[in-house]
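Residues per chain, in single letters:
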Amino acid sequence: TLDRSSAASDVYKRQSNDSNGSVCSTFIVNYTGFTPEAQAAFQFAVDIWANTIVSSVPIRINANYTALGPGVLGSAAPNGFFVVTGPGLPPNTVYARALAEKLQGMDTDLGGMSIDINCNFSSSINWYFGTDASPAFNQFDFVSVVLHELGHGLGFVGFGRANAQNTEGLLRNSGFLTPYDNFVETGTGVSILTFADPSTALLQQFTGGFLFNASPAATAANSGVVPEIWAPNPFNQGSSYSHWDDNVFPNNNVNSLMTPTIGNGQANHDTGPITRGLFEDMGWTLCPSLSVDDFTLERLEVAPNPFNDNIRITLPGNYNDSDFKISIFDINGRAVYSEDALSTNQTIDIDLSQLTTSVYFMTLKDTTTGLAVTKKIVKQ
């Protein structure tokens, strides 16, 4: 098991759609050093987040595939934090850039080109780049690690930390907190904000193994139990405080994505109910079309894949004589195919003989409900 990140934080365009047919989110990724396989897997993780959160402002990512330190799989962090004020927003709180832009409805850079997340992933790990969450026993699942790190970049991060001597805990950064911090409490329900900052008492809470994030939506998603966060002793700057507890949410748990470690041969492509709940309470709007548990379109089948010229989409049983919009994008995010189609006996046949040999991403949208799903397809 290796640390997912080296810090307690952590151009391809893809759009997803909510139930009203409007754009959920747009991510634009600047890739540096990626192999085609790594880039396709990275984009698969991006699509999951794009299908989870709503923002009218493009979310821009700088992604580097490069040499990292021993044992480090990847890291990501918001490119700055910003004060956002308004009704219902907590005082003295700063938001990760992407979330701040979502809340304000505009880019923090007047030029509209600000980078929201910076991330790095190791080029020397034995990665599994498949998108079926089935790594071999000796491989690390790239999609899972990217999905995790982007979660940090989107705001799953608190300012809780230890001083250089590991004798005191610190929370506020120049007097400010993150929305994550505002929900943290002890096992007895005492807000972490009530402790002297900095103080030994604060560090004791950070390392006492009994710390929780009491986001109401996360708690509701956890069957009414306040989710526990990672608080080992001694404090670990790369994993403590800004993750769910590894022991409470082990790698086979649906909520394990945002825990601090992942083992080889393990995978999780679900952002998790409690993480989605926390995101909602921090200020994100969840895309209603793509609950991982309820999204029935996800069960469609595309065959053959890889294909030569023609491909057949077979829909779940609840889709018959439905109208769909089919869009296909190449590896650089360019739209290469678009068609309005009607399913007949739960199938749609399309001729893609005009496409060249490559990897593509196909988005199928139900024009009645607005539900949409994206699948990777390969022309051979």
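As shown above, the structure is provided for reference.
A few points on the structure.

Reading guide: rules and limits
- Residues numbered from 1 in each chain as written.
- Predicted model: local features only at pLDDT ≥ 70, side-chain atom pairs only at ≥ 80, totals over all residues.
- Heavy atoms only, no water.
- Phe/Tyr/Trp six-rings, centres within 6.5 Å; stacked < 30°, edge-to-face > 60°.
- Helix = DSSP H or I, 4+ residues; strand = E, 2+ residues; numbered from the N terminus.
- Buried < 20%, exposed > 50% of the residue type's maximum accessible area, 1.4 Å probe, protein only.
- Core = buried A, V, L, I, M, F, W, Y, C linked by side-chain atoms within 4.5 Å.
- Disulfide = S-S within 2.5 Å.
- Pairing = 2+ DSSP bridges.
- Axes fitted to C-alpha atoms, helices over the stretch in contact; angles between N-to-C directions.
- Salt bridge = Lys/Arg side-chain N within 4 Å of Asp/Glu carboxyl O.

## A short note on the packing of aromatic side chains
And step 1. Under the defined criterion, the tally for this structure stands at 18 aromatic pairs.
And step 2. Ring centres of Phe-42 and Phe-121 lie 5.8 Å apart, and the angle between their planes is 80 degrees; this geometry places the pair in the edge-to-face category. Taken together, the residues span a long stretch of sequence, with Phe-42 in helix α1 (residues 36-50) and Phe-121 in strand β9 (residues 117-122) at a distance of 79 residues.
And step 3. Residue classification places Phe-121 among the buried positions, given a relative accessible area of 0%.
And step 4. Each member of the aromatic cluster is reached from another via a ring pair, and the members are Tyr-31, Phe-34, Phe-42, Tyr-65, Phe-121, Trp-127, Phe-129 and Phe-142.

## Brief notes about the nonpolar core
And step 1. Judged by nonpolar contacts, the single largest core of 64 residues is most densely connected at Phe-27, Phe-42, Ile-61, Phe-142, Leu-154 and Tyr-241.
And step 2. Elements that contribute at least two residues to this core include exactly β3 (23-32), α1, β5 (59-66), α2 (97-104), β9, α3 (142-153), α4 (200-206) and α6 (273-282).
And step 3. Among the elements that take part in this core, α1 stands out by supplying 8 residues, more than any other.
And step 4. Of all hydrophobic cores here, the second largest spans 20 residues; its members include Phe-307, Leu-315, Ile-350 and Leu-352.

## Some words on the state of the cysteines
And step 1. Applying the stated criterion across every chain, the model contains 1 disulfide.
And step 2. A sulfur-sulfur separation of 2.0 Å characterises the disulfide bridge that pairs Cys-24 with Cys-287. Because the torsion about its S-S bond is 75 degrees, the bridge between Cys-24 and Cys-287 counts as right-handed. On the criterion of sequence distance, the pair formed by Cys-24 in strand β3 and Cys-287 in the loop between β18 (285-286) and β19 (301-303) is long-range, its members being 263 residues apart. Taken as a pair, Cys-24 and Cys-287 share a single burial class, namely buried.

## Comments concerning α6
And step 1. Counting buried residues along α6, 8 of its 10 residues qualify, which places the element largely inside the surrounding structure.
And step 2. All of the buried residues along α6 are Pro-273, Ile-274, Thr-275, Arg-276, Gly-277, Leu-278, Phe-279 and Met-282.
And step 3. In the segment just after α6, Gly-283 is the residue with positive phi, at about 130 degrees.

## Topic: the sheet that holds strand β24 (residues 358-366)
And step 1. Across the sheet, which stays open at both edges, the 4 strands sit in the order β22-β21-β24-β25 with antiparallel pairing between neighbours. The open sheet terminates on both sides in strands that have one partner only, identified here as β22 (335-342) and β25 (372-379). Ignoring strand direction, the axes of neighbouring strands in this sheet form an average angle of 20 degrees.
And step 2. Bridge count for strand β21 (residues 323-330) against β22 is 7 bridges, and the pairing is antiparallel. The residue of β22 that forms the bridge with Ile-326 is Glu-339.

## With respect to the pattern of salt bridges
And step 1. This model, assessed by the stated rule, comprises 4 salt bridges.
And step 2. With a closest N to O distance of 2.9 Å, Arg-276 and Asp-270 form a salt bridge. Comparing Arg-276 with Asp-270 shows no difference in burial state: the two are buried.
And step 3. With its nearest N and O atoms 2.7 Å apart, the salt bridge here joins Asp-349 to Arg-312. Pair noted here: Asp-349 is in strand β23 (residues 347-351) and Arg-312 is in strand β20 (residues 310-314), with a separation of 37 residues, a long-range link.
And step 4. Take Asp-349: its relative accessible area is 47%, and that puts it in the partly exposed class.
And step 5. Arg-312 sits in the partly exposed class, given a relative accessible area of 40%.

## Here we look at α2
And step 1. The buried fraction of α2 is high, at 6 of 8 residues.
And step 2. Inspection of α2 places Arg-97, Ala-98, Leu-99, Ala-100, Glu-101 and Lys-102 among the buried residues, and these make up the whole buried set.
And step 3. Remark: Gly-105 follows α2 within two positions and exhibits a positive phi of approximately 70 degrees.

## With respect to the sheet that holds strand β14 (residues 184-186)
And step 1. Pairing is antiparallel in the open sheet, where 3 strands are placed in the order β14-β15-β16. Bordering the open sheet on either side are β14 and β16 (228-229), each of which pairs with just one other strand.
And step 2. Strand direction decides the pairing type here: strand β15 (residues 211-213) and β16, joined by 2 bridges, are antiparallel. Looking across to β16, one finds that Leu-211 is bridged to Ile-229.

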